Every structure is written in C-alpha cells, then in structure tokens.
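Residue strings, one per chain:
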Amino acid sequence: MFTGIVEELGEITAVEQLTHAARLAVQGPVVTSDAKHGDSIAVNGVCLTVVEVGGDTFTVDVVHETLQRSSLAKVAKGDRVNLERATALGDRLGGHIMQGHVDGTGVFLSRDPDGLTHFALPPALARYVVEKGSIAVDGVSLTVAAIGAEEFSIALIPTTLELTTLGRREPGDSVNLEVDVLAKYVEKLAAPHLPTAGTHTVDNGGTDGGTKEQRG
C-alpha cells in the first residue's frame, strides 16, 4: 500500500525491451537506501517489484498488462519519475490509501495562472471522481478541486510542482490515474440493491490484471 506522498524524483537510467515486458533501471538514492529484492516501490504511481539493487539504482520488470494500462510504456532514458516506497505499518497516512494499481491514463491539459491544473478524465473513471475527493495522478495523492464530464481540476501547491513530475508536465502528456479504491468497493456492494437503467461494467482491475463484472 502507498499514501501518495512522493519521496523523491528519480530518473530512468535504462530501458530494456523484453518479450511482452520491459525492464527499467531507476536511480533514486532515497528509496534505495533500504531497498532489497522483492520490495515494492511505486514508480509514477505504479506498484512495481524490485528485481535488483545496485548502489542508488534499482531495476524492475514491467509486464505487458501494466504497459497497456499505464504511461510507463512511453518512458525513456533520462525521464524523471515519482518514487515512493510501500508504507510501513504505523506510518502517518499523509495522503490517502493507494494500491499502486493504475486504473488508466489521463492527459495533462493546461495550468491556469491561479494554480488550477486541468486533466482529461476517461469516461469509465468519471463516476469514481467527486469534488473534494481523492485521486492519484502519477502517484501523487491529490484533492479534486472541480469535476466535469470529461475533465477534472487540481489546485497544486508550489511544493508539489517543484518536487514531483507534475511541475514538468506539458499539454498532451499522459499521466497515470488511480481512483479511490473505496469508491469501487462501495459501487460493487451497492449495485445489487439499486435500480439500474441498464447494464454497466464494474472494473475491478489494476496493473496486476483484473476482471470485469457485468451488472444489470
């Protein structure tokens, strides 16, 4: 589990294409200070398993499912990425509960002079996003300032812009989105007891590969 409080900006130092996967080498002195094989580290919000650690660099394998669901398919050597180690039991919950299972990608649209930042929102995720609710963008826990049918807005403080990838995003850039998992559980539990106008899809998936259930 993660909380969306980014510990450092890392850097992709190598990308190796494998069969139906990719191996990334990521430099991050903070997250590697106590990292070992098998640990979980979130890279731009995607929970990945450490394969090797050497000095201040760790390597991870990104499977085909994750590449399809997230923006990691587009990363290249030299790219900066948000890094966060898995939360230890008893740590402060500074953001919100996150799994590191990306639900899909959005698009950075624009940043207003008054600080509001706008992102395109996939229609399939819109029902899980509410004003003043939580959403993770590239692994950063954020509060939704405004929500529309096809986009949402965030008020980013200068510290977040400086210490995460969000301050480096340009219009058209893809970002990883993880909605509040509590919203998905509530939907699934409530669906059998609510009248529906038709059939909708409940997506229980994540970057680890999920299933879809048809609800009538």
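Structure: above.
The structure reproduced in this document is the subject of the present report. On a predicted model such as this, the values are computed, not experimentally measured, just so you know. (Residues numbered from 1 in each chain as written. Predicted model: local features only at pLDDT ≥ 70, side-chain atom pairs only at ≥ 80, totals over all residues. Heavy atoms only, no water.)

1. What to know about the overall build of the protein
Phase 1 of the analysis: Counting secondary structure elements, the protein contains three helices and 14 strands.
Phase 2 of the analysis: In summary, the protein has a C-alpha radius of gyration of 17 Å against a globular reference of 17 Å for 216 residues, a match within 12%.
Phase 3 of the analysis: Counting only residues that meet the buried cut, the protein has 43% of its 216 residues in that class.
Phase 4 of the analysis: As displayed, the protein has an accessible area near 10,800 Å², and 54% of this comes from carbon and sulfur atoms. (Helix = DSSP H or I, 4+ residues; strand = E, 2+ residues; numbered from the N terminus. Rg over C-alpha atoms; globule rule 2.2 N^0.38 Å. Buried < 20%, exposed > 50% of the residue type's maximum accessible area, 1.4 Å probe, protein only. Areas by Shrake-Rupley, 256 points an atom, 1.4 Å probe, with all protein chains shown as cover.)

2. Considering the environment of Thr105
Phase 1 of the analysis: Looking at where Thr105 falls in the secondary structure, it is placed in strand β7 (residues 104-111).
Phase 2 of the analysis: Along the sequence, Thr105 and Val175 sit 70 residues apart, while their C-alpha atoms lie 5.4 Å from each other.
Phase 3 of the analysis: Residues contacting Thr105, with those up to four places away along its chain left out, are Arg69, Ser70, Ser71, Pro122, Val175, Asn176 and Leu177. (Contact = heavy atoms within 4.5 Å.)

3. Considering the environment of Ala25
Phase 1 of the analysis: The residue Ala25 is located in strand β2 (residues 21-27) in this model.
Phase 2 of the analysis: Spatially, the C-alpha atom of Ala25 lies 33 Å from that of Tyr128, the residues being 103 residues apart in sequence.
Phase 3 of the analysis: Ignoring sequence-local partners within four residues, the contact set of Ala25 consists of Glu11, Ile12, Thr13, Ala14, Thr57, Phe58 and Thr59.

4. Quick word on helix α3 (residues 181-190)
Phase 1 of the analysis: Every buried residue of α3 is listed here: Val181, Lys184 and Glu187. Buried residues of α3 fall within an arc of 120 degrees about the axis and therefore sit on the same side. Facing away from the buried side of α3, by more than 90 degrees, are the exposed residues Leu182, Tyr185, Val186 and Leu189.
Phase 2 of the analysis: Its side-chain oxygen at 3.1 Å from the backbone nitrogen of Leu182, Asp180 defines the N-terminal cap of α3. (Arc of directions from axis to C-beta. Polar contact = N/O pair within 3.5 Å; in protein donor to acceptor, adjacent residues only side chain to side chain.)

5. Some thoughts on the pairing of strand β5 (residues 57-63)
Phase 1 of the analysis: With five of seven residues buried, β5 is to be regarded as a mostly interior element.
Phase 2 of the analysis: Direction of pairing for β2 relative to β5: antiparallel, over a ladder of seven bridges. Bridging across to β5, Leu24 finds its partner in Val60.
Phase 3 of the analysis: One ladder, built from four bridges, connects strand β4 (residues 46-54) with β5; its direction is antiparallel. The residue of β5 that forms the bridge with Glu52 is Thr59.
Phase 4 of the analysis: Adjacent in sequence and paired antiparallel, β4 and β5 are bridged by two residues, among which Gly55 carries a positive phi angle near 65 degrees. (Pairing = 2+ DSSP bridges.)

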